Number of protein chains: 2
Amino acid sequence: MSTLAAQLQQMESHRSVFENEVRQLPLPTCNAFGTAAAPQAIAFAASSQVLTTKDSATVAQHFAQSVKASGNAVLRVAGPASPRVSGKRVAALFSGGPAAGGHNVLCGIKKMLGADNTLFGVKGGPKGLLEGKLFEITDADVASILNTGGFDFLGTDRTKIKTAEQFEQVKQTCIAHNLDAIVIIGGDDSNTNAAILAEFLFSGIKADGSGVQVIGAPKTIDGDLQVPGLLPISFGFDTATRIYAELAGNILQDTRSSIKYWHFIKLMGRSASHVTLEVALQVKPAVTLISEEVAEKKLSLSAIVEQIASAVIDRYRSKKLKHGVVLVPEGLIEFIPEMNALIAELNDSLAHHAEAFAALSVDARPAFVAAKLSAANSALFSSLPGYIINMLLADRDSHGNLQVSLIPTEQLLSDMVRARLQQVAPEVPFATHHHFFGYEGRCGAPTLFDAAYTWNLGLTVGALILDGRTGYMASVSGLSAGGEPLAIPLSGLLNIERRHGKDEYVIEKALVRTNAPAMKFFVSRREAWAADDLFASPGPRQLWGPAAKQMPMTVALNDGADSLLFKIGE
Amino acid sequence: MSTLAAQLQQMESHRSVFENEVRQLPLPTCNAFGTAAAPQAIAFAASSQVLTTKDSATVAQHFAQSVKASGNAVLRVAGPASPRVSGKRVAALFSGGPAAGGHNVLCGIKKMLGADNTLFGVKGGPKGLLEGKLFEITDADVASILNTGGFDFLGTDRTKIKTAEQFEQVKQTCIAHNLDAIVIIGGDDSNTNAAILAEFLFSGIKADGSGVQVIGAPKTIDGDLQVPGLLPISFGFDTATRIYAELAGNILQDTRSSIKYWHFIKLMGRSASHVTLEVALQVKPAVTLISEEVAEKKLSLSAIVEQIASAVIDRYRSKKLKHGVVLVPEGLIEFIPEMNALIAELNDSLAHHAEAFAALSVDARPAFVAAKLSAANSALFSSLPGYIINMLLADRDSHGNLQVSLIPTEQLLSDMVRARLQQVAPEVPFATHHHFFGYEGRCGAPTLFDAAYTWNLGLTVGALILDGRTGYMASVSGLSAGGEPLAIPLSGLLNIERRHGKDEYVIEKALVRTNAPAMKFFVSRREAWAADDLFASPGPRQLWGPAAKQMPMTVALNDGADSLLFKIGE
């Protein structure tokens, strides 16, 4: 074998040139922890900031032990911890979709726990906790996963722990492994689960009657887990949006190079449009749709189509531009009031006429359904392209709901724009391509921002555990001012929502606020971006060199920062 | 407006943090040119290496002036040029699909021409040359496009210059702008066009009877423009494959994080599988299809499906892996002998029965067509999923050919694998996602390799023009040994091929050679990659820091390099 072939074989299993080097990258550390090499434990103290929601009274009854202990007060750093706590046994797991930086949370926890406490990894998410799939995480593991993307070191899943049997299984795992604490690294639902588990495990678990601590860490590429002033952003958002923004920027350069295509790009992000707004700020495309604005302005599907068609027409007539980019948030359809109404009536109607519907041939179904709908919904339904109608009539999920995320909104919009152009401006050229960027962005190597943020989140989680806390979500705020570790009482975030016919506790998803600075800046510029090519190309995210240090634009704007540079430690 | 909002507005129009910084990045320069700040012109001399093809005799008749002047000998560096040439007027254009590094070719030409010669840019590709859309490129332009991706500074198109009228238009543009040279930055077809143009413009164009020089530069992300020992790779290939490899690597990490999906990824690259092979070497997925191997082994569609299904089954049965990645080259379908035969018969049959076919309802068409086909083709046709059949019966292009690139091969394969699994291993879970990576990779910021390579290609083009050469393609070989500028006589690459019923000159596309070192290395490892997760994640391409300097693995292996580090200058 040649020298080079031997080298290439050594790059298998996460040993690419990049992966080998990025593991050596030093990470900035909040001053509260001292140095990255030997971060110190810290003592937390309740601040005067107490969190409430409309349902705080009910929450206080059902989460009695947690609320009594925390008073729903935000914890802030009181000073170095003393004496040193040892002998703690901690299990950490990933929950829900992966996001860049999860590995660094583990690295931070392990570093804070040190050699005199033990960190276990749980394989395969919450399900692994039920099944007791724990193993000890070593220093060698930490060295190999530091600054790498993905959740592949542990795996993840979407199991919700809610039945009595499941709670009992968790308890058995705690006993079997003599655990003192559990860390749940996840999004809004997973942190709700952490709150419930914290209350269940609060006391009476171990032989001496004591409980098991539960701490959450805020993960989601969607960016919809935010607490104003306390949690600027969930981790993974920066990496995902920088990946999508690079791709969108590349495509924008392609549109002006090839000078003949409109690209419709759908972006992952579930309901909220944070991802789409961030990517828009990064690349400045001709058209960007923001679901929350569509809902607020009660825009119809045809109004949205008209808006895009106008941009296509104006760019061609005023500057002969035959190209452009349209950004579409994944959850758009549900935010269009009339589509939402149509889908709701369809769900009902299909459930009511299930038998008759099933007996019909596929060709006969649309007319059958249209006849059952209200006049407005029937007209809208019949105006849609055949592939969308087929999708609207497809099998429902286990709750009888349409799987809206499967609807190719980007294709629907471009087809409707084409039809509209044929009516009003047939001379305007309109050749299209479609993209959906999602899975590409969840497991990339973290940006320097996400790498540093999650490292410090992990240190904070570890410090909270050593400080004996339970029922909190770790956070690091003040990301452009050195970084301040803090803890948010999970019970202070809980609301009650009716889901699938019953009341459930939830942490409300943070949607894009149309009056927030980031949105206002976007609105102030979008007409100029539509009128001409003013796009920028943010390029591949850099881990070294002069372009490495950057935070999300939406976060910096909404936090009132005066630059994009983040500052942790220093 | 806030300070930050003002900063963000200043980032519009190609002024992102990354773009501002990357323009300052110093570029390595071949020793033959001296320094990057003041590169010197060089004199070229014919080497003893003469290029021939099977059609050299015919080419020598039709390209009499070019062949007489060059003798089809490769030009190598003779030494510094003297005296200094000034007053040349040169026009450069992009032709065909965009590729990263094109801007740096222009920067290199401009630098070599210096202030005493003039460089014009041609807007909108070859069509812009016909229409005389020229403008002078300034030093400020060069400073703003250096190291940026895309062809957006000039735009491009796919016009082929072949009619007498078009040649006359080119001549008029040369006269109107008093041009001394034209540079065509393009792929195999564009360089063929450059050869033809060089012969046409060889003499008798200007008032004094002299000609206009034509020089080509080797561009294409597909990597199918290569000349063994002389042209290691076309520019843009490294950037495109690194972009696709990052995305494929991210998805591989996602597969092992989410532990439940198979992702089928189709990769751009037209006929040849260079892009797919390079990405496979970078990320080491479970399954990679190489079109050239499929053709050589005469694999049937069902044999390919069987190969993928076996990997799915084996991974599940031996290691409970429910996930993996399959890489599919864009051009695969045409390399499957039976599909190729089916498509050929379909093209004929649809042309022969066009009227009867058009009169049928859409539902009735498949049966009608199946009845006209030979038994083998009919059976294969009928075995395909409905959406593929519809596509096979869709409108032909202007030559009556199926647009194979539109066939969703990735979806076809995964559907057939699912059907096969249901027959032979229904217990094996098989949830899938599909991707097509193409446009994302053509206009990204160039890798350090592509940035340096194209800068030196530009210097070489400029030096060839100052040295009075015509009918050559610039190249830089020895990319891991300092870099050697050289020139390949275009007439020495020409073959005659029958296309659309008539003989045409072509530069043969370089396909993947199944006995080349890169392919042999891939074959030696792929079974191990299929059996378990040995993948690597090459990460985002870095322009600064310890992971920036890397060349394509296929190029390094095929060139016999002893490391992935490229070395230009030093």
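Values in this document were obtained by computation on a predicted structure and should not be read as measured data.

Some thoughts on the domain arrangement of chain A
Residue and element names in this part refer to chain A. When cut into domains, chain A gives domain 1 (52-71 + 87-236 + 446-508) and domain 2 (238-441). Its C-alpha centre places domain 1 at a distance of 36 Å from the equivalent point of domain 2. At the junction of the two partners, domain 1 supplies 13 residues and domain 2 supplies 14 residues. Both faces combined, the contact of domain 1 with domain 2 buries some 1,000 Å², and carbon together with sulfur accounts for 54% of it. Its largest share of buried area at the contact with domain 2, domain 1 owes to Ile 221, Asp 222 and His 500, together 48% of the area lost on that side. Counting the contacts that link domain 1 with domain 2 gives zero salt bridges.

A short note on helix 11 (residues 274-283) of chain A
Helical geometry note: an α-helix holds 3.6 residues per turn, so side chains three or four residues apart project in the same direction. Residue and element names in this part refer to chain A. With ten of its ten residues buried, helix 11 lies for the most part within the structure. Among all positions of helix 11, only His 274, Val 275, Thr 276, Leu 277, Glu 278, Val 279, Ala 280, Leu 281, Gln 282 and Val 283 are buried. One or two residues past the end of helix 11 sits Lys 284, with phi positive at roughly 60°.

Things to note about the sheet that holds strand 10 (residues 287-288) of chain B
All names here are of chain B. Strands sit in the order 10-11-9-12 across an open sheet of four strands; the sheet is parallel. Edge positions in the open sheet fall to strand 10 and strand 12 (431-437), since each of these has one partner strand only. In this fold helix 11 (residues 274-283) packs onto strand 9 (261-267), strand 10 and strand 11 (324-329), with an angle of close to 155° to the strand it touches most, strand 11. Along the sheet face, helix 13 (residues 301-319) touches strand 9, strand 10 and strand 11 and points at about 150° away from the line of strand 9.

Looking at the packing of helix 13 of chain B against helix 20 (residues 409-424) of chain B
All names here are of chain B. Contact geometry of helix 13 with helix 20 gives a least axis separation of 9 Å together with a crossing angle of 60°. The handedness of the crossing between helix 13 and helix 20 comes out as right-handed. Contact residues: helix 13 offers Leu 301, Ile 304, Val 305, Glu 306, Ile 308, Ala 309, Val 312, Ile 313 and Arg 317, while helix 20 offers Leu 412, Leu 413, Met 416, Val 417, Arg 420, Leu 421 and Val 424. Residue classes in the contact of helix 13 with helix 20 are distributed as 13 nonpolar, no polar and three charged.

Observations regarding unusual backbone geometry
With an omega of 0°, the peptide bond running from Ser 82 of chain A to Pro 83 of chain A counts as cis. Mapping Pro 83 of chain A onto the fold places it in the loop between strand 2 (73-80) and strand 3 (89-95). With a phi angle near 50°, Lys 298 of chain B is a residue other than glycine that sits in the positive phi range. We note that Glu 570 of chain B has phi near 75°; this positive angle belongs to a residue other than glycine. Its location among the elements puts Glu 570 of chain B in the segment after helix 23 (553-558).

Structural notes on the nonpolar core
With 286 residues, the main nonpolar core has Tyr 244 of chain A together with Tyr 244 of chain B as its most contacted residues. When near neighbours in sequence (up to four residues on either side) are disregarded, Tyr 244 of chain B contacts Ile 221, Leu 267, Met 268, Val 275, Val 279, Phe 437, Gly 438 and Gly 441 of chain B.

Examining the interface of chain B and chain A
Of the residues lining the interface, 75 residues belong to chain B; the matching set on chain A comes to 75 residues. The interface formed by chain B and chain A contains six salt bridges. Here Asp 254 of chain A makes a salt bridge to Arg 442 of chain B, at a shortest N to O gap of 2.8 Å. Joining chain B to chain A, the criterion identifies 44 residue pairs in polar contact (both at pLDDT 80 or more). When residues of the side of chain B that touches chain A are traced back to their parent elements, those giving at least two are helix 1 (3-10), helix 2 (17-22), helix 10 (237-258), strand 9, strand 12, helix 22 (517-531) and helix 23 of chain B. Looking at the side of chain B that touches chain A residue by residue, the class counts come to 33 nonpolar, 25 polar and 17 charged.

Notes on the packing of helix 10 of chain B against helix 11 of chain B
All names here are of chain B. Packing of helix 10 against helix 11 brings their axes to within 9 Å, and their N-to-C directions diverge by 50°. It follows from the interaxial angle that helix 10 and helix 11 lie oblique. As for how helix 10 packs across helix 11, the hand of that crossing is right-handed. Judged by residue contacts, Phe 237, Thr 241, Arg 242, Tyr 244, Ala 245, Ala 248, Gly 249 and Leu 252 of helix 10 engage His 274, Val 275, Glu 278, Val 279, Gln 282 and Val 283 from helix 11. For the contact of helix 10 with helix 11, the class distribution of residues is eight nonpolar, four polar and two charged.

Thoughts on the environment of Gly 187 of chain B
All names here are of chain B. Summarising the element assignment, Gly 187 is placed in the loop between strand 7 (181-186) and helix 9 (188-200). Taking relative accessible area as the criterion, Gly 187 reaches 8% and is therefore assigned buried. Taking the C-alpha atoms as reference, Gly 187 lies 25 Å from Lys 68; in sequence the two are 119 residues apart. Beyond its immediate chain neighbours, meaning those up to four positions away, Gly 187 contacts Ser 95, Lys 219 and Leu 225.

So, the pairing of strand 7 (residues 181-186) of chain A
All names here are of chain A. In terms of burial, strand 7 is a largely internal element, six of the six residues being buried. Alternating positions in strand 7 separate into two faces, Ala 181, Val 183 and Ile 185 on one and Ile 182, Ile 184 and Gly 186 on the other, with burial throughout. For strand 3 and strand 7, the ladder comprises five bridges, and the chain directions are parallel. Paired with Ala 92 across the strands is Val 183, a residue of strand 7. Note: strand 7 against strand 8 (residues 213-218), six bridges, orientation parallel. Looking across to strand 8, one finds that Ala 181 is bridged to Gln 213. At this point the chain moves from strand 7, through helix 9 (residues 188-200), to the parallel strand 8, and the crossover so formed is right-handed.

Considerations on the sheet that holds strand 9 (residues 261-267) of chain A
Residue and element names in this part refer to chain A. Taken in spatial order, the four strands of this open sheet run 10-11-9-12, and their pairing is parallel. Of all strands in the sheet, those bounded by a partner on one side alone are strand 10 (287-288) and strand 12 (431-437). Here two bridges tie strand 10 to strand 11 (residues 324-329), and the two strands are oriented parallel to one another. For Thr 288, the partnering residue across the bridge sits in strand 11 and is Leu 327. With respect to the sheet, helix 20 (residues 409-424) is in contact with strand 9, strand 11 and strand 12, its orientation differing from that of strand 12 by roughly 160°.

What about the state of the cysteines?
All told, the structure shown has zero disulfides over all chains when counted by the stated rule. Cysteine Cys 443 of chain A remains unbridged, with the sulfur of Cys 107 of chain A as its closest cysteine sulfur at 15 Å. The cysteine Cys 30 of chain B is free of any disulfide, with Cys 107 of chain B supplying the nearest cysteine sulfur at 16 Å.

The rules behind the values
Residues numbered from 1 in each chain as written. Chains lettered and ligands numbered in written order. Predicted model: local features only at pLDDT ≥ 70, side-chain atom pairs only at ≥ 80, totals over all residues. Heavy atoms only, no water. Domains from an automatic or database assignment. Contact = heavy atoms within 4.5 Å. Buried area = accessible area lost by both parts, 1.4 Å probe. Salt bridge = Lys/Arg side-chain N within 4 Å of Asp/Glu carboxyl O. Buried < 20%, exposed > 50% of the residue type's maximum accessible area, 1.4 Å probe, protein only. Helix = DSSP H or I, 4+ residues; strand = E, 2+ residues; numbered from the N terminus. Pairing = 2+ DSSP bridges. Axes fitted to C-alpha atoms, helices over the stretch in contact; angles between N-to-C directions. Left-handed = near helix turned anticlockwise from the far one by under 90°. Nonpolar A, V, L, I, M, F, W, Y, C, P; charged D, E, K, R; others polar. Core = buried A, V, L, I, M, F, W, Y, C linked by side-chain atoms within 4.5 Å. Polar contact = N/O pair within 3.5 Å; in protein donor to acceptor, adjacent residues only side chain to side chain. Parallel < 35°, antiparallel > 145°, perpendicular 65-115°, else oblique. Right-handed = clockwise from strand over helix to strand, strands pointing away. Disulfide = S-S within 2.5 Å.

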